[in-house]
Amino acid sequence: MWSSLHTSVEIDARQYASLSASYASFPSDLRHDIADAMESGKLSKSDYASLVRQTLDDGFVLDWPAVDGMDVANERAKLASLIRTDTLASQSSN
(Lines give C-alpha, C1' and ligand atoms only; values in the text may rest on other atoms or scores of the structure.)
Protein backbone atom coordinates (compact mmCIF):
# COMPACT_ATOMS: atom_id res chain seq x y z
CA MET A 1 0.00 0.00 0.00
CA TRP A 2 2.84 2.43 0.79
CA SER A 3 4.29 2.07 -2.71
CA SER A 4 0.97 2.92 -4.36
CA LEU A 5 0.60 6.00 -2.18
CA HIS A 6 4.19 7.03 -2.87
CA THR A 7 3.75 6.85 -6.66
CA SER A 8 0.56 8.92 -6.55
CA VAL A 9 2.31 11.79 -4.73
CA GLU A 10 2.82 14.92 -6.83
CA ILE A 11 6.26 15.60 -8.29
CA ASP A 12 8.39 18.47 -7.02
CA ALA A 13 9.11 21.88 -8.56
CA ARG A 14 12.40 20.78 -10.16
CA GLN A 15 10.67 17.94 -11.95
CA TYR A 16 8.01 20.28 -13.38
CA ALA A 17 10.74 22.75 -14.37
CA SER A 18 12.74 20.02 -16.11
CA LEU A 19 9.75 19.18 -18.32
CA SER A 20 8.96 22.85 -18.98
CA ALA A 21 12.53 23.66 -19.98
CA SER A 22 12.54 21.04 -22.74
CA TYR A 23 8.84 20.97 -23.63
CA ALA A 24 9.13 22.94 -26.90
CA SER A 25 11.87 20.57 -28.14
CA PHE A 26 9.88 17.41 -27.51
CA PRO A 27 8.19 15.60 -30.41
CA SER A 28 4.44 16.13 -30.67
CA ASP A 29 3.57 12.64 -29.40
CA LEU A 30 5.56 13.21 -26.20
CA ARG A 31 3.97 16.66 -25.71
CA HIS A 32 0.59 14.99 -26.15
CA ASP A 33 1.46 12.37 -23.52
CA ILE A 34 2.51 15.11 -21.10
CA ALA A 35 -0.79 16.90 -21.71
CA ASP A 36 -2.71 13.67 -21.09
CA ALA A 37 -0.80 13.08 -17.85
CA MET A 38 -1.61 16.65 -16.73
CA GLU A 39 -5.37 16.15 -17.26
CA SER A 40 -5.87 16.01 -13.50
CA GLY A 41 -3.94 19.27 -13.12
CA LYS A 42 -0.90 17.63 -11.53
CA LEU A 43 1.72 15.03 -12.34
CA SER A 44 2.28 12.10 -10.02
CA LYS A 45 5.63 10.44 -9.46
CA SER A 46 4.50 7.48 -11.57
CA ASP A 47 3.43 9.82 -14.41
CA TYR A 48 6.81 11.51 -14.25
CA ALA A 49 8.69 8.21 -14.28
CA SER A 50 6.83 7.13 -17.43
CA LEU A 51 7.44 10.48 -19.10
CA VAL A 52 11.15 10.41 -18.25
CA ARG A 53 11.42 6.96 -19.84
CA GLN A 54 9.77 8.37 -22.97
CA THR A 55 12.11 11.37 -23.07
CA LEU A 56 15.10 9.05 -22.84
CA ASP A 57 13.66 6.84 -25.59
CA ASP A 58 13.30 9.98 -27.73
CA GLY A 59 16.91 11.00 -27.06
CA PHE A 60 16.32 13.72 -24.46
CA VAL A 61 17.99 13.95 -21.08
CA LEU A 62 16.15 16.18 -18.62
CA ASP A 63 18.15 18.61 -16.56
CA TRP A 64 16.97 19.56 -13.08
CA PRO A 65 17.49 23.25 -12.40
CA ALA A 66 18.72 24.61 -9.08
CA VAL A 67 16.17 24.56 -6.28
CA ASP A 68 16.56 28.18 -5.15
CA GLY A 69 13.21 29.96 -5.07
CA MET A 70 11.28 27.28 -6.91
CA ASP A 71 7.66 26.70 -6.00
CA VAL A 72 5.63 23.65 -7.06
CA ALA A 73 2.52 25.68 -7.88
CA ASN A 74 4.46 28.14 -10.06
CA GLU A 75 6.36 25.44 -11.91
CA ARG A 76 3.16 23.42 -12.42
CA ALA A 77 1.50 26.56 -13.82
CA LYS A 78 4.40 27.12 -16.25
CA LEU A 79 4.05 23.60 -17.63
CA ALA A 80 0.26 23.94 -17.83
CA SER A 81 0.67 27.20 -19.75
CA LEU A 82 3.02 25.56 -22.26
CA ILE A 83 0.52 22.74 -22.73
CA ARG A 84 -2.38 25.18 -23.23
CA THR A 85 -0.43 27.21 -25.78
CA ASP A 86 0.62 24.07 -27.64
CA THR A 87 -2.91 22.70 -27.62
CA LEU A 88 -4.36 25.96 -28.95
CA ALA A 89 -1.72 26.11 -31.69
CA SER A 90 -2.49 22.53 -32.70
CA GLN A 91 -6.22 23.20 -32.81
CA SER A 92 -5.84 26.34 -34.92
CA SER A 93 -3.64 24.54 -37.45
CA ASN A 94 -6.26 21.84 -37.98
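Worth saying up front: this structure is predicted, and the values here are computed from it rather than measured.

## Re the nonpolar core
(1) Moving on: With 16 residues, the main nonpolar core has Leu19, Phe26, Ile34, Leu43, Leu51, Leu79 and Ile83 as its most contacted residues.
(2) Moving on: Only α2 (13-22), α3 (28-37), α4 (45-57) and α5 (72-93) provide two or more residues apiece to this core.
(3) Moving on: It is α3 that provides the largest number of residues to this core, a total of four residues.
(4) Moving on: Excluding anything up to four places from it in sequence, Ile34 contacts Leu19, Tyr23, Phe26, Leu51, Leu79 and Ile83.

## Quick notes on α5
(1) Moving on: Over its 22 residues, α5 extends 32 Å from the first C-alpha to the last, a length consistent with the 32 Å expected when each residue adds 1.5 Å.
(2) Moving on: Taken residue by residue, α5 has Glu75, Arg76, Leu79, Ile83 and Asp86 as its buried positions. On an axial view of α5, the arc spanned by its buried residues comes to 105 degrees, and they lie on one face. With respect to the buried face of α5, the exposed residues turned more than 90 degrees away are Arg84, Thr85, Leu88, Gln91 and Ser92.
(3) Moving on: The inward-facing, buried residues of α5 contact α2 and α3.
(4) Moving on: Sitting at the head of α5, Asp71 places a side-chain oxygen 3.3 Å from the backbone nitrogen of Ala73.

## Notes on the pattern of salt bridges
(1) Moving on: Within this structure, the stated rule accounts for five salt bridges.
(2) Moving on: Here the residues in one salt-bridge network are Glu10, Lys42 and Arg76, joined through shared partners.

## Concerning the confidence of the model for the chain
(1) Moving on: On average, residues of the chain score 89 in pLDDT, and 91% of them are at 70 or above.
(2) Moving on: Across the chain, element-level confidence peaks in α3 with a mean pLDDT of 96 and bottoms out in helix α1 (residues 2-8) with 54.

## Quick notes on the side chain of Gln15
(1) Moving on: Tracing the chain through its elements places Gln15 in helix α2.
(2) Moving on: At a separation of 2.8 Å, a polar atom in the side chain of Gln15 contacts the main-chain amide nitrogen of Asp12.
(3) Moving on: Apart from the residues within four sequence positions on either side, Gln15 is in contact with Tyr48 and Trp64.

## Comments concerning α4
Along an α-helix, residues three or four apart share an orientation, since each turn contains 3.6 residues.
(1) Moving on: For α4, which comprises 13 residues, the first-to-last C-alpha distance of 18 Å matches the rise-based estimate of 18 Å (1.5 Å per residue) to within 8%.
(2) Moving on: Along α4, the positions that sit buried rather than exposed are Tyr48, Leu51 and Thr55. Summarising the axial view, the buried residues of α4 lie within an arc of 65 degrees, below the 170-degree limit, and thus occupy one face. Summarising the geometry of α4, the exposed residues directed more than 90 degrees from the buried face are Arg53, Leu56 and Asp57.
(3) Moving on: For α4, the elements touching its buried residues are α2 and α3.
(4) Moving on: Phi for Gly59, located one or two positions after α4, is positive at around 90 degrees.

The rules behind each value
- Residues numbered from 1 in each chain as written.
- Predicted model: local features only at pLDDT ≥ 70, side-chain atom pairs only at ≥ 80, totals over all residues.
- Heavy atoms only, no water.
- Core = buried A, V, L, I, M, F, W, Y, C linked by side-chain atoms within 4.5 Å.
- Buried < 20%, exposed > 50% of the residue type's maximum accessible area, 1.4 Å probe, protein only.
- Helix = DSSP H or I, 4+ residues; strand = E, 2+ residues; numbered from the N terminus.
- Contact = heavy atoms within 4.5 Å.
- Expected span 1.5 Å × (residues − 1).
- Arc of directions from axis to C-beta.
- Polar contact = N/O pair within 3.5 Å; in protein donor to acceptor, adjacent residues only side chain to side chain.
- Salt bridge = Lys/Arg side-chain N within 4 Å of Asp/Glu carboxyl O.
- pLDDT = per-residue confidence, 0-100.

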